[in-house]
Amino acid sequence: MNTKEIVKLGDKYLMRNYGRIQLAPVDGDGAQLWDADGKEYLDFVSGIAVNALGHCNLAVVDAICDQAKKLIHCSNLYYIEPQVLLAKMLVENSVMDKVFFCNSGAEANEAAIKLARKYAKVKHGPDKVEIITALNSFHGRTLATITATGQPKYQKNFEPLPAGFKYVPFNDLQAMTEAVGPETCAVMLEPIQGEGGVNLASKEYINGVRKLCRKFGALMIFDEVQTGIGRTGRLFAYEHYSVKPDIITLAKALGGGFPIGAMLARGEAARVFQPGDHASTFGGNPLACAAALAALEEIIEGEVVEYTNAVGEILYSELEKLREKYDYVKEIRGKGLLIGMELSIDGKKIVDACQEKGLLVNCVGGHVLRFIPPLTVSSTEVRQAIGILDEVMAGIKV
Ligand SMILES: *Cc1c(COP(=O)(O)O)cnc(C)c1O
């Protein structure tokens, strides 16, 4: 099928919940992507920070094929070898103690919210239920996670929302200090807000939040669904700070492109869930875990995170040059290969023109271009992308 045919069927048979771009990718290799009409793109979206090793990484593909021939699914009624191996690898490479597997970021955050609620109930009593999150955050699309998401546009028309959530401005320690109290059950934050516009939390902020959580017996939850697994130039973004969160959630890059989510907890929090408290039929299935195990092995043993830091610095400095060149660029910010370019104009025109010239980028919050190429992107590909972007930006009239 060509793009036109695919789009036509999609418009007829799919629900309209996505504002889709008229592009139908059919083939990928590393940072390269081809659409149904054979046009080639440089993919700096990576399935929204999912394809950390690029498209169709051989180790991941082989692991999926091998596991698919052995056992695709059984059930968490039983012990699953790839699942226990993946849990071991996550624990050994983090400050966390135990893992729960699910299938997506929203599910991982749901699990974190449930765990925090139960922890507070059992340890402190029935009234410690409040979960504090940040304005502009993004935590997923289930009812509880749109409620945790501090952006009204995701909540509109879905009320009544679950009770017990409170919002504070991001990176504002004063506001957090005023919000946290004896009724606080948990504080849930993205260390770098991804969908909210690539906003970084400062060290002072995170250290301050950690102290407040400890003081009031609240759990500190890091939503690392986007920042986790090497994206920010560390395996986990909490490593940029000198804190240990009580819970972290992962998904996006965890499976090297295959759907899987995880919620990891530390210390007492890791022992809260008892048989029957939480579950997922597909969570931690053999196929997903085999894919994730291969991806994680590749990232850790291939020293991908170190590489990401180096290539991330090239991308950052090239983007800084564009900021100096074009007045409508306000700021470049980010870490590793999660980098945003804040514009004083709407970013859509640039995104569309880049696509026309074979570069896929996306825009968050209307005016922040987000660059999230594969962690393994080459410096040549980075320079190619910058070349296209520069060309496009030169043609923008403001
Ligand atoms: C993408 C994302 C989610 C939601 O993940 P899904 O897999 O789409 O449910 C949650 N939190 C953050 C920070 C994200 O970037």
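First, a word on scope: everything that follows refers to the structure included in this document.

## Some remarks on the packing of aromatic side chains
At step 1: Within this structure, the stated rule accounts for 4 aromatic pairs.
At step 2: Plain terms: the ring middles of Phe138 and Tyr154 are 5.2 Å apart, the flat faces sit at 65° to each other, and that makes the pair edge-to-face. With Phe138 in the loop between strand 5 (130–134) and helix 6 (143–148) and Tyr154 in the loop between helix 6 and strand 6 (165–168), this residue pair connects regions lying 16 residues apart in the sequence. The pair formed by Phe138 and Tyr154 is uniform in burial state, with each residue classed as buried.
At step 3: Measuring from ring centre to ring centre gives 5.7 Å for Phe236 and Tyr238, while their planes differ by 5°; the resulting arrangement is stacked.

## Focus: the site of the ligand
At step 1: In the neighbourhood of the ligand, the contacting residues comprise Ser104, Gly105, Ala106, Asn109, Phe138, His139, Gly140, Glu190, Asp223, Val225, Gln226 and Lys252.
At step 2: A distance of 2.8 Å separates an oxygen atom of the ligand from a polar atom in the backbone of Gly105.
At step 3: For the ligand, a nitrogen atom lies 2.7 Å from a polar atom in the side chain of Asp223.
At step 4: Compared with its free state, where it exposes 380 Å², the ligand has 81% of that area covered by protein.

## Some points on a nonpolar patch on the surface
At step 1: A contiguous nonpolar surface patch, about 380 Å² in accessible area, is contributed by Met1, Leu9 and Tyr13.
At step 2: Mapped onto the elements, Tyr13 comes out in helix 1 (residues 3–13).

## Topic: helix 5 (residues 105–124)
At step 1: For helix 5, spanning 20 residues, the distance from its first C-alpha to its last is 28 Å, which sits close to the expected 28 Å at 1.5 Å a residue.
At step 2: When we look at burial in helix 5, the residues that qualify are Gly105, Ala106, Ala108, Asn109, Ala111, Ala112, Ile113, Leu115, Ala116, Tyr119 and Ala120.
At step 3: Following helix 5 by one or two positions, Gly125 adopts a phi angle in the positive range, close to 115°.

## Regarding the packing of helix 10 (residues 304–325) against helix 12 (residues 379–394)
At step 1: Contact geometry of helix 10 with helix 12 gives a least axis separation of 10 Å together with a crossing angle of 15°. Regarding the angle of helix 10 to helix 12, the classification is roughly parallel. Seen from above, helix 10 lies across helix 12 with right-handed handedness. Residues Tyr307, Val311, Ile314, Leu315, Glu318, Leu319, Leu322 and Lys325 of helix 10 form the contact with helix 12, whose own contacting residues are Ser379, Val382, Arg383, Ile386, Leu389, Asp390 and Met393.
At step 2: Here the contact of helix 10 with helix 12 is composed, by residue class, of 10 nonpolar, 1 polar and 4 charged.

## Looking at the pairing of strand 12 (residues 261–265)
At step 1: With 5 of 5 residues buried, strand 12 lies mostly within the body of the structure.
At step 2: Side chains Gly261, Met263 and Ala265 of strand 12 all project onto a buried face; the interleaved residues Ala262 and Leu264 project onto the opposite face, where all are buried too.
At step 3: For strand 4 (residues 98–102) and strand 12, the ladder comprises 5 bridges, and the chain directions are antiparallel. Paired with Val99 across the two strands is Leu264, which belongs to strand 12.
At step 4: As judged from the 4 bridges shared by strand 11 (residues 247–250) and strand 12, these two strands associate in the antiparallel manner. For Leu250, the partnering residue across the bridge sits in strand 12 and is Ala262.

Reading guide: rules and limits
- Here, residues in each chain are numbered from 1, in the same order as that chain's written sequence.
- Note on the predicted model: pLDDT of at least 70 is required for a residue's local features to be given, and 80 or more for side-chain atom pairs to be given and counted; whole-chain, interface and lining totals, by contrast, use all residues.
- Note that water and hydrogens are dropped before the side-chain values are worked out from all heavy atoms of the structure.
- For Phe, Tyr and Trp, where Trp contributes only its six-membered ring, two rings pair if their centres lie within 6.5 Å, and the inter-plane angle classes them as stacked under 30 degrees, edge-to-face over 60, or tilted in between.
- Under the DSSP-based scheme used, a helix requires at least four consecutive residues in state H or I and a strand at least two consecutive residues in state E, with every element numbered from the N terminus.
- The buried label applies to any residue whose accessible area, calculated with a 1.4 Å probe on protein chains only, is under 20% of its type's maximum; exposed applies above 50%, and partly exposed to all values in between.
- Any residue with a heavy atom positioned within 4 Å of a molecule or strand is treated as near that molecule or strand.
- Pairs of N or O atoms within 3.5 Å make up the polar contacts considered here, provided that, within protein, one atom can donate a hydrogen while the other can accept it, and that residues adjacent in sequence are counted only when both atoms are side-chain atoms.
- In short, Shrake-Rupley with a 1.4 Å probe defines the accessible areas, and a residue's cover is counted only from the protein chains shown.
- Patches here: salt-bridge-free residues with over 30% relative accessible area, like charges joined within 9 Å, nonpolar side chains (Val, Leu, Ile, Met, Phe, Trp, Tyr) joined within 5 Å.
- A pair is scored as a salt bridge if a Lys or Arg side-chain nitrogen falls within 4 Å of a carboxyl oxygen belonging to Asp or Glu.
- A helix's residues, less one, multiplied by 1.5 Å, set its expected span.
- Between the N-to-C directions of two axes lies an angle of 0 to 180 degrees, each axis being a line fitted to C-alpha atoms and, for a helix, fitted only over the stretch in contact.
- With respect to orientation, any angle under 35 degrees is reported as roughly parallel, any angle over 145 as roughly antiparallel, any angle of 65 to 115 as roughly perpendicular, and every other angle as oblique.
- In this scheme the handedness of a crossing depends on how the near helix is turned from the far one: anticlockwise by less than a right angle means left-handed, clockwise means right-handed.
- Only heavy atoms matter for contacts: two residues are in contact if any of them lie within 4.5 Å across the pair.
- Here the nonpolar group is Ala, Val, Leu, Ile, Met, Phe, Trp, Tyr, Cys and Pro; Asp, Glu, Lys and Arg are the charged ones; every other residue, Gly included, is treated as polar.
- For two strands to be treated as a pair, DSSP must find at least two bridges joining them.

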